[in-house]
Amino acid sequence: MSTFEIHRATKRRAKLRLGMSGPAGSGKTYSALLIAGGLGGRIGMIDTEHGSGDLYADLLPEGYDVLSLTPPYTPSRYIEAIHALEDAGVSTIIVDSLTHAWSGEGGSLDRQGKIADKSGNSWQAWRQVTPEHNALVEALLQSPCHIIATMRAKTEYVQEKDERTGKQVVRKIGLAPIMRDGIEYEFTTFFELDVQHMAYVGKDRTRLFDNMIFRPETETGRQLLGWLDSGQDFPILRKTMPADQKDELIESIDHARSLDELFKAFSTAYRAANALSDSAALSELTQAKDRRKAELEEHEEMGEPA
């Protein structure tokens, strides 16, 4: 007998998963805030850009909250920040920027390099780092909030002729996002911004912006919200997590030997509890995570092995 489930395709209501990349000065933060304002509800920003999240405090009438994330920019710290904003009750999370989780201090490239230097095995280092990166992607995709993630883009300068003056001018263009290859495929929609603050749609499952070049604004968020809310609600099946499953997840959390291991274990636990809508189990798992986190940080301060 087949174990596969076949069902009629049905559009469901969904949460936004929007990625945006662009060179410095392209307006990634500004655009993300305008779009989030159009989505409505409380907005929380994870700011890795050294306080830039506060520069637009007067942009939205309803304001927004900022969680400042400082080095090390490990995927596990991003996951913790995402969960912190979820617990705070925000509707939309802006990750500004996701690039630091890849190329910043403590990010995946930095971690891979240090592990490879120590072990002498670059391939083995990626086997350790890749699950950490995947756990962050899962946290973004599984969040009950709308997600808008900005990414820096590799920058290149091109020389071209100005049609008005006939002179050669230098123009700055953004290329691929500074992130692991293929990250744009994880999002529902992906905007590429240029230094004129115009968005080119590299990918768009909503089909709202096909072949368009436009300036993102609050109305962009309203358009996206209309599409996201146009489907049917997912049936909410509230179940209680089996005791043996919960015990196994808590044991995995308790035996984590590093903060990266801990938040990888907690991400698995979080998804399991969230899928069942079991708030009691989620509370227990969160307490176990907080307890183990305190223990690991204490060992780290004392220079002792966990």
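Keep in mind that this is a model prediction, so the values were computed, not measured. (Residues numbered from 1 in each chain as written. Predicted model: local features only at pLDDT ≥ 70, side-chain atom pairs only at ≥ 80, totals over all residues. Heavy atoms only, no water.)

**Student:** Can you tell me about the overall build of the protein chain, naming the residues and giving the values?
**Tutor:** Helices and strands together make up the secondary structure of the protein chain, namely nine helices and nine strands. For 306 residues, the compact-globule estimate of 2.2 N^0.38 gives 19 Å, and the C-alpha radius of gyration of the protein chain, at 21 Å, lies within 12% of that figure. Taking the principal axes of the C-alpha coordinates as reference, the protein chain spans close to 70 × 50 × 50 Å. Burial statistics for the protein chain: of 306 residues in total, 43% are counted as buried. Of the contacts made within the protein chain by residues no fewer than 6 positions apart, 63% connect residues no fewer than 24 positions apart. By element, 49% of the accessible surface of the protein chain is carried by carbon and sulfur atoms, the whole surface being about 16,600 Å². When the 36 positive and 47 negative side-chain charges of the protein chain are each reduced to one mean point, those points stand 5 Å apart. (Helix = DSSP H or I, 4+ residues; strand = E, 2+ residues; numbered from the N terminus. Rg over C-alpha atoms; globule rule 2.2 N^0.38 Å. Buried < 20%, exposed > 50% of the residue type's maximum accessible area, 1.4 Å probe, protein only. Contact = heavy atoms within 4.5 Å. Areas by Shrake-Rupley, 256 points an atom, 1.4 Å probe, with all protein chains shown as cover. Lys, Arg positive; Asp, Glu negative; His and termini not counted. Charge placed at Lys NZ, Arg CZ, Asp CG, Glu CD.)

**Student:** Which residues make up the packing of aromatic side chains, and what are the values?
**Tutor:** All chains considered together, the criterion is met by seven aromatic pairs. With a centroid separation of 5.9 Å and an interplanar angle of 20°, the aromatic rings of Trp102 and Trp126 are classed as stacked. Of this pair, Trp102 sits in helix H3 (residues 100-103) while Trp126 sits in helix H5 (residues 122-142), and the two are 24 residues apart along the sequence. Residue Trp102 is classed as buried on the basis of its relative accessible area, which comes to 10%. The partly exposed category is assigned to Trp126, whose relative accessible area is 22%. Ring geometry for Phe209 versus Phe214: centroids 5.1 Å apart, planes at 20°, classification stacked. The exposure class assigned to Phe209 is buried, which follows from its relative accessible area of 2%. Linked through ring pairs, Phe191, Phe209 and Phe214 together constitute an aromatic cluster. In this structure, Lys289 is placed above the aromatic ring of Phe266, and the distance from its NZ or CZ to the ring centre is 5.0 Å. (Phe/Tyr/Trp six-rings, centres within 6.5 Å; stacked < 30°, edge-to-face > 60°. Lys NZ or Arg CZ within 6 Å of the ring centre and 35° of its normal.)

**Student:** Provide a residue-level description of the environment of Ala199, including the pertinent values.
**Tutor:** Within the element layout of this structure, Ala199 appears in strand E8 (residues 199-204). Each C-alpha atom of the pair Ala199 and Gly27 lies 9.9 Å from the other, and the pair is 172 residues apart in sequence. Excluding residues within four positions of it along the chain, Ala199 makes contact with Phe191, Glu192, Leu193, Met212, Ile213, Phe214 and Pro216.

**Student:** Just give me the short version of the environment of Asp244, but keep the residues and values in it.
**Tutor:** In this structure, Asp244 sits in helix H7 (residues 243-254). Along the backbone, Asp244 and Leu67 are 177 residues apart, and their C-alpha atoms lie at a distance of 35 Å.

**Student:** Give me the pattern of salt bridges: which residues, what numbers.
**Tutor:** Taken as a whole and assessed by the stated rule, the structure comprises 13 salt bridges. Close ionic contact of Arg13 with Asp229 constitutes a salt bridge, the shortest N to O distance being 3.1 Å. Placement of Arg13 in the segment before strand E1 (17-22) and of Asp229 in the loop between helix H6 (218-228) and H7 is noted, with a sequence separation of 216 residues between them. We classify Arg13 as partly exposed; its relative accessible area is 35%. (Salt bridge = Lys/Arg side-chain N within 4 Å of Asp/Glu carboxyl O.)

**Student:** Residues and numbers for the pairing of strand E7 (residues 189-193), please.
**Tutor:** Taken across its five residues, E7 has four buried, putting it largely inside the fold. Looking at chain direction, E1 and E7 are connected through four bridges and run parallel. Each bridged residue has a counterpart across the sheet, and for Gly19 the counterpart in E7 is Phe190. Alignment of E7 against E8, held across five bridges, turns out to be antiparallel. Paired with Leu193 across the two strands is Ala199, which belongs to E8. Once E7 ends, the chain turns through five residues before running back antiparallel as E8, passing His197 with a positive phi of about 65°. (Pairing = 2+ DSSP bridges.)

**Student:** An account of the side chain of Ser21 is needed here, citing residue identities and associated values.
**Tutor:** Tracing the sequence through the fold places Ser21 in strand E1. Look past the residues within four positions of Ser21 in its chain and what remains in contact with it is Lys28, Met151, Ala153, Pro177, Phe190, Phe191, Glu192 and Leu193.

In short, the description is geometric, and any link to function would need to be established separately.
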